[in-house]
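Spelled out from the first residue to the last, the chains are:
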Amino acid sequence: MRTTLRMRRAAVVFTAVGALALAGCGGDGDGKDEADKGSGKDKESSSTVALPKLDGERISVAAVWTGPEQANFTKVLAEFEKRTGATVTFVPAQDPIVNFLGTKIAGGQPPDVAMIPQVGAIQQAVAKKWAKPVGPEARAQLGQNYAQVWQDLGAVDDTQYGVYFKAANKSLIWYNAQVFENAGASEPKTWKDFLATAETVSASGVTPVSVGGADGWTLTDWFENIYLSQAGPEKYDQLAKHEIKWTDPSVKDALTTLAELFGKPSLIAGGADGALQTEFPASVTQTFTGGDQPKAAMVFEGDFVSVNIAQTKAKIGTDAKVFPFPAVGADSPVVTGGDAAVALKDGKGAQAMLTWLASKDAAKIWAEAGGFISPNKSLDAAAYPDAVQRTIAEALIDAGDDVRFDMSDQAPQSFGGTPGKGEWKTLQDFLKNPKDIAGTQAKLESDAAKAYKS
């Protein structure tokens, strides 16, 4: 059974989101602007969280992160080792993480802590009696450092199980500034303007949009941003909880809007077939390599795109700029996601790790490394390495409880978080055949009905 979250799912429709465009245009991206003078690296040198001595204790932490994300998270774990004396092992996990954890638990080797990227997966872990409640020390850190909405996202039936360590603003479009300049294109504010900008860029000889369609979650993000802006927050909440069906006219409207892009293969790098073979990291790097003739001019995804941009020669704020997802309805949407730490073993070590990850000291380590946004409101924004990331993070914190979490991550994992199944697979099929809106709705509803009953 799926336990309903106790939370207020209010829309993130920032009036402040316009500042993102300014951040994309301004700032030199090297973190050496006015906000960085006395950047807090000295201010926060002393510990702000008490941790127990764990000499000789071994702790394992599982997460799906790879590459730069894994490397940066390992720095956070290394500091925990330094402060406690424990030995921490990073356990590479695979999606869907509930299946991965189930295998580990069945084999008698569960990790002490798992970083779970879906609200629905936390609920499943609780329902299966895998998850252990958050202890008093970590709850104290949460109360001190987190808006209520982020605490509620990690709670099931009024009991705290998750500590949200990493958040994401998943409503950003990053673009190759040189391509835009050559094409005479400007940052669009509406969906209509976005499509017109895409045509302008296409006419200049560069394919406008890169889509990482091999990873189905990117397609759910496209749909959710359009749906939130077009249908509004109330409908978004209803669809997220399956209180309305996927055959609802509002879903038809959103898919019809998305088809205005997906239905024009010339606007997508490699067309539909190419997009479906492009994984998310490549969708980013191909936008910022190749000089002024990259494979695409724009790529949609969250703030974490900056990690992948860093693997190219492009400089954020100069070569790589960003604007808010264009408004389809009255306002631009902002959808968030996040990864929560959940203890799977009883014991002092697992609880100490939750306490550490709820602290601003832990958040500061990854924030300084880049490619990371923290929901921790106590973290000094000066810790972020450039003006773009700083502004994105401040917008998230300023929203407080007015935050909408990724819809697919709220769903049962079999529907919203499994490669080759459910929403991921159906939207991949839709990318291939965007004319079949009715068939797409029917398949989404059929899969959702089964998943929400399980």
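Residues numbered from 1 in each chain as written. Predicted model: local features only at pLDDT ≥ 70, side-chain atom pairs only at ≥ 80, totals over all residues. Heavy atoms only, no water.

A. How the structure looks around the pairing of strand S1 (residues 58–63). For S1, the tally of buried residues reaches 5 of 6 residues, placing the bulk of the element in the interior. Where S1 and strand S2 (residues 87–92) come together, 6 bridges link them in parallel fashion. Along S2, the bridge assignment pairs arginine 58 with threonine 87. In this view, the connection linking S1 to its parallel neighbour S2 by way of helix H2 (residues 67–84) has right-handed handedness. (Buried < 20%, exposed > 50% of the residue type's maximum accessible area, 1.4 Å probe, protein only. Helix = DSSP H or I, 4+ residues; strand = E, 2+ residues; numbered from the N terminus. Pairing = 2+ DSSP bridges. Right-handed = clockwise from strand over helix to strand, strands pointing away.)

B. Local environment of the packing of aromatic side chains. In total, this model carries 28 aromatic pairs according to the counting rule given. Seen from their ring centres, phenylalanine 194 and tryptophan 222 are 6.5 Å apart, and the 50° between their planes marks the pair as tilted. Of the two residues, phenylalanine 194 sits in helix H8 (residues 191–203) while tryptophan 222 sits in helix H9 (residues 216–231), which places them 28 residues apart along the sequence. On the basis of relative accessibility, which here comes to 1%, the residue phenylalanine 194 falls in the buried class. Taking the relative accessible area as the measure of exposure, tryptophan 222 reaches 2% and is therefore buried. Geometrically, the ring pair formed by phenylalanine 300 and phenylalanine 325 is edge-to-face, given 5.3 Å between the ring centres and 75° between the ring planes. With phenylalanine 300 in strand S9 (residues 298–300) and phenylalanine 325 in the loop between strand S10 (320–324) and strand S11 (335–343), this residue pair connects regions lying 25 residues apart in the sequence. Taking the relative accessible area as the measure of exposure, phenylalanine 300 reaches 4% and is therefore buried. Among the residues examined, phenylalanine 325 registers a relative accessible area of 0% and is labelled buried. Of the aromatic side chains, those joined through ring pairs into one cluster are Trp191, Phe194, Trp222, Phe262, Phe300, Phe325 and Phe430. It is lysine 166 that lies over the ring of tryptophan 366; its NZ or CZ is 5.5 Å from the centre. (Phe/Tyr/Trp six-rings, centres within 6.5 Å; stacked < 30°, edge-to-face > 60°. Lys NZ or Arg CZ within 6 Å of the ring centre and 35° of its normal.)

C. The pairing of S11, seen in detail. Judged by how many residues are buried, S11 sits mostly within the fold: 9 of 9 residues are covered. Neither face of S11 is left uncovered, since the one carrying Val335, Gly337, Asp339, Ala341 and Ala343 and the one carrying Thr336, Gly338, Ala340 and Val342 both have all their residues buried. In this sheet, S11 lies alongside strand S3 (residues 113–116) in antiparallel orientation, the contact comprising 4 bridges. Its bridge partner being in S11, valine 113 is matched across the sheet by alanine 343. Relative to S11, strand S6 (residues 162–169) runs antiparallel, the two being bridged by 7 bridges. From the neighbouring strand, lysine 166 faces S11, where its bridge partner is aspartate 339. As judged from the 2 bridges shared by S11 and strand S12 (residues 404–405), these two strands associate in the parallel manner. Pairing of threonine 336 across the sheet is with phenylalanine 405, part of S12.

D. Inspection of the nonpolar core at higher detail. With 87 residues, the main nonpolar core has Phe73, Phe80, Trp150, Trp174 and Met353 as its most contacted residues. A total of 6 residues in this core trace back to one element, the largest contributor, which is helix H15 (residues 348–357). (Core = buried A, V, L, I, M, F, W, Y, C linked by side-chain atoms within 4.5 Å.)

E. Looking closely at the packing of helix H20 (residues 422–432) against helix H21 (residues 437–453). Running from N to C, H20 and H21 cross one another at 170°; their axes reach a closest spacing of 9 Å. In terms of axis orientation, H20 runs roughly antiparallel to H21. Note on element contacts: H21 touches H20 through Ile437, Thr440, Lys443, Leu444 and Asp447, opposite Gly422, Glu423, Thr426 and Phe430. (Axes fitted to C-alpha atoms, helices over the stretch in contact; angles between N-to-C directions. Parallel < 35°, antiparallel > 145°, perpendicular 65-115°, else oblique. Contact = heavy atoms within 4.5 Å.)

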